Amino acid sequence: MVPGARGGGALARAAGPGLLALLLAVSAPLRLQAEELGDGCGHLVTYQDSGTMTSKNYPGTYPNHTVCEKTITVPKGKRLILRLGDLDIESQTCASDYLLFTSSSDQYGPYCGSMTVPKELLLNTSEVTVRFESGSHISGRGFLLTYASSDHPDLITCLERASHYLKTEYSKFCPAGCRDVAGDISGNMVDGYRDTSLLCKAAIHAGIIADELGGQISVLQRKGISRYEGILANGVLSRDGSLSDKRFLFTSNGCSRSLSFEPDGQIRASSSWQSVNESGDQVHWSPGQARLQDQGPSWASGDSSNNHKPREWLEIDLGEKKKITGIRTTGSTQSNFNFYVKSFVMNFKNNNSKWKTYKGIVNNEEKVFQGNSNFRDPVQNNFIPPIVARYVRVVPQTWHQRIALKVELIGCQITQGNDSLVWRKTSQSTSVSTKKEDETITRPIPSEETSTGINITTVAIPLVLLVVLVFAGMGIFAAFRKKKKKGSPYGSAEAQKTDCWKQIKYPFARHQSAEFTISYDNEKEMTQKLDLITSDMAG
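Residues numbered from 1 in each chain as written. Predicted model: local features only at pLDDT ≥ 70, side-chain atom pairs only at ≥ 80, totals over all residues. Heavy atoms only, no water.

Where an unreviewed UniProt entry is consulted, the protein chain appears under the name DCBLD1 isoform 1, with the organism given as Pan troglodytes. In its Subcellular location (unreviewed entry) section, the UniProt record describing the protein chain reads: "Membrane". (UniProt positions renumbered as here; feature names shortened; annotations may be inferred.)

Following this line, the structure appears as structure tokens:
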């Protein structure tokens, strides 16, 4: 035995109770910190009036001895709607494994095991604390929860599939955060989706809603087709699918046509590459070859270095200001040139303006779009909100071997009613800030016909008429005074005097006056008004 060991053991036994108390005192804050950090929380996306939340590892088995506690809110004055898409907690007693909802006045739960759990809870509050706790267990997926404000009574969860509904047409509200929830979709935005696909995930794939925002979807159910072709779009990979009895499509605003631009003069780039083929001939990868519908090689940049900051770009001139709702891209399309852009950002501008960068509507930060994963397959990204501009630039951020791009822009002509980028958030009082011109793309697009000053003619004509009327009245008054001295066969002098003064004091008495408001916008988008009172001249 090592000398002193016995004495040390005795010392430890003597100090045991005090040491244990000290350890408990130290570990208590650590346990509290773990609970505050939400070590049992999984996928979580929240927006102003909707969101999605899961336990850790969902749909895999949730971990032992963890706590997930989060407070979720919707705008004040609204009621919270909670929908449980899935609840699988192993415990039958809810002693150590449970899901609990607590508000300032009510408690819902705890829920666990095989007990009957309401699929939807309509709370009398705009705020609730969600607490999920786990002890020792062997299996259990945990939970998946979606929520929204009472403005969206047709809320569904991220796990709803089109096959769950029998109607041929219906509308539902998808919460924010469904993109990364486990579950497949098959099909695409043109041909439609297999009815076994997740509704909200398919809506994000089709560009109907943005994952970080959620939104309303309108669904049309149709007869199925023999094969569904998958595509990567908006960060969601749709898989190829087989024959099904039914499929579904989404109704949209119709602004999803291919925008035309000519290869000569309307496309340019920071640089281009020339290669030599097997015959020794030079092949020019020019920006004019960047149209997606054209055959042959794509545009490729002259610099293949991966060690410098992104500085290459491909620019498209649409000829006039247009509403751009999306973009499709491919790589080189040539099997012996495995070039493609893996991520990119979008810049845009109009005539005589500075380049702006497209930014996310939630965090107002530069938005990086997911590009291609090979040289061949097209990838689509949608702009929510859309871009309204004449010029756009695709600025690659990361790429494989060499920058190579083919591009198709999606959108429509600007018409009255769709010429604004103002994005109305679902909150009662907020909209995207437009304080700095280059901070957000949600600026109203003023009409080119809008006057930038007061129309001089509009003001001058009524003034001239007024002067003429005054002088005419003075002339009439002078003539009546002259007749007064000579006498008049038409009536007494007093009657003439009365009628004359009526004409002078109220020269417009027989005509109803009209009020016009002339408004205009100056460069700071401040509205000024000028009210003019005009009337017709007496005949």
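So, next bit.
### Topic: the overall build of the protein chain
Secondary structure assignment for the protein chain yields four helices and 31 strands. Residues classed as buried in the protein chain amount to 42% of the 539 residues present. Partitioning the contacts of the protein chain with sequence separation of at least 6, the portion at a separation of at least 24 is 72%. For the protein chain, the exposed surface amounts to about 29,600 Å²; the carbon and sulfur share of it is 51%. (Helix = DSSP H or I, 4+ residues; strand = E, 2+ residues; numbered from the N terminus. Buried < 20%, exposed > 50% of the residue type's maximum accessible area, 1.4 Å probe, protein only. Contact = heavy atoms within 4.5 Å. Areas by Shrake-Rupley, 256 points an atom, 1.4 Å probe, with all protein chains shown as cover.)

### With respect to the state of the cysteines
Going through the model one piece at a time under the given rule, you end up with five disulfides. Shown here is the disulfide that connects Cys174 with Cys200, its sulfur atoms set 2.1 Å apart. On the S-S bond that ties Cys174 to Cys200, the torsion sits near -90°, and the link is left-handed. With Cys174 in strand 10 (residues 169-174) and Cys200 in helix 2 (residues 199-205), the pair connects residues that are 26 residues apart, well separated along the chain. In this pair, the class of Cys174 matches that of Cys200, namely buried. Across a sulfur-sulfur distance of 2.0 Å, Cys255 and Cys412 are joined as a disulfide pair. Measuring handedness by torsion sign, the sulfur bridge of Cys255 and Cys412 sits at about -95° and is left-handed. Residue Cys255 is found in the loop between strand 18 (246-250) and strand 19 (257-258), and its partner Cys412 is found in strand 29 (residues 404-413); the two are separated by 157 residues along the sequence. You'll find Cys255 and Cys412 in the same group, each marked buried. In the protein chain, the bonded cysteines, numbered by position in the sequence, are linked as 1-2, 3-4, 5-7, 6-8, 9-10. (Disulfide = S-S within 2.5 Å.)

### Structural notes on the side chain of Arg328
Mapped onto the elements, Arg328 comes out in strand 24 (residues 314-330). Owing to a relative accessible area of 19%, Arg328 belongs among the buried residues under this scheme. Of the polar contacts made by the side chain of Arg328, one reaches the side chain of Gln380; its length is 2.8 Å. When sequence neighbours within four positions are dropped, the list of residues in contact with Arg328 reads Leu292, Val379, Gln380, Lys406, Val407, Glu408 and Ile410. (Polar contact = N/O pair within 3.5 Å; in protein donor to acceptor, adjacent residues only side chain to side chain.)

### Focus: the pairing of strand 9 (residues 142-149)
Counting buried positions along strand 9 gives eight out of eight residues, so the element sits mostly inside the fold. Bridging between strand 2 (residues 50-55) and strand 9 involves five bridges; their strand directions are antiparallel. Bridging across to strand 9, Thr52 finds its partner in Thr146. Bridge count between strand 4 (residues 80-88) and strand 9: eight bridges; the pairing is antiparallel. Following the sheet pairing, Arg83 is matched in strand 9 by Thr146. (Pairing = 2+ DSSP bridges.)

### Section: the sheet that holds strand 2
With antiparallel pairing, the five strands of this open sheet are ordered in space as 1-2-9-4-7. Among the strands making up the open sheet, the edge pair consists of strand 1 (41-46) and strand 7 (120-122). Each neighbouring strand pair of the sheet contributes to a mean axis angle of 15°, computed without reference to strand direction. As judged from the four bridges shared by strand 1 and strand 2, these two strands associate in the antiparallel manner. Directly across from Val45, in strand 2, lies its bridge partner Thr52. (Axes fitted to C-alpha atoms, helices over the stretch in contact; angles between N-to-C directions.)

### Considerations on the pattern of salt bridges
By the definition in use, this model includes 17 salt bridges. Notably, a salt bridge pairs Lys367 with Glu212, separated by 3.5 Å at the nearest N-O pair. Of the two residues, Lys367 sits in the loop between strand 26 (356-357) and strand 27 (369-370) while Glu212 sits in the loop between helix 2 and strand 13 (215-223), which places them 155 residues apart along the sequence. Between Arg393 and Glu315 there is a salt bridge, with its nearest N and O atoms 2.9 Å apart. Taken as a pair, Arg393 in strand 28 (residues 379-400) and Glu315 in strand 24 lie far apart in primary sequence, 78 residues in all. Note on Arg393: relative accessible area 14%, which makes it buried. (Salt bridge = Lys/Arg side-chain N within 4 Å of Asp/Glu carboxyl O.)

### With respect to unusual backbone geometry
A negative phi holds for most residues other than glycine; trans holds for most peptide bonds. Omega for the bond connecting Tyr58 with Pro59 falls within 30 degrees of zero, at 5°, which places this linkage in the cis form. Tracing the chain through its elements places Pro59 in the loop between strand 2 and strand 3 (67-73). With omega at 5°, the peptide bond leading from Ile384 into Pro385 counts as cis. Tracing the backbone through its elements, the reader meets Pro385 in strand 28. We note that Gln401 has phi near 70°; this positive angle belongs to a residue other than glycine. Looking at where Gln401 falls in the secondary structure, it is placed in the loop between strand 28 and strand 29. A relative accessible area of 43% places Gln401 in the partly exposed class.

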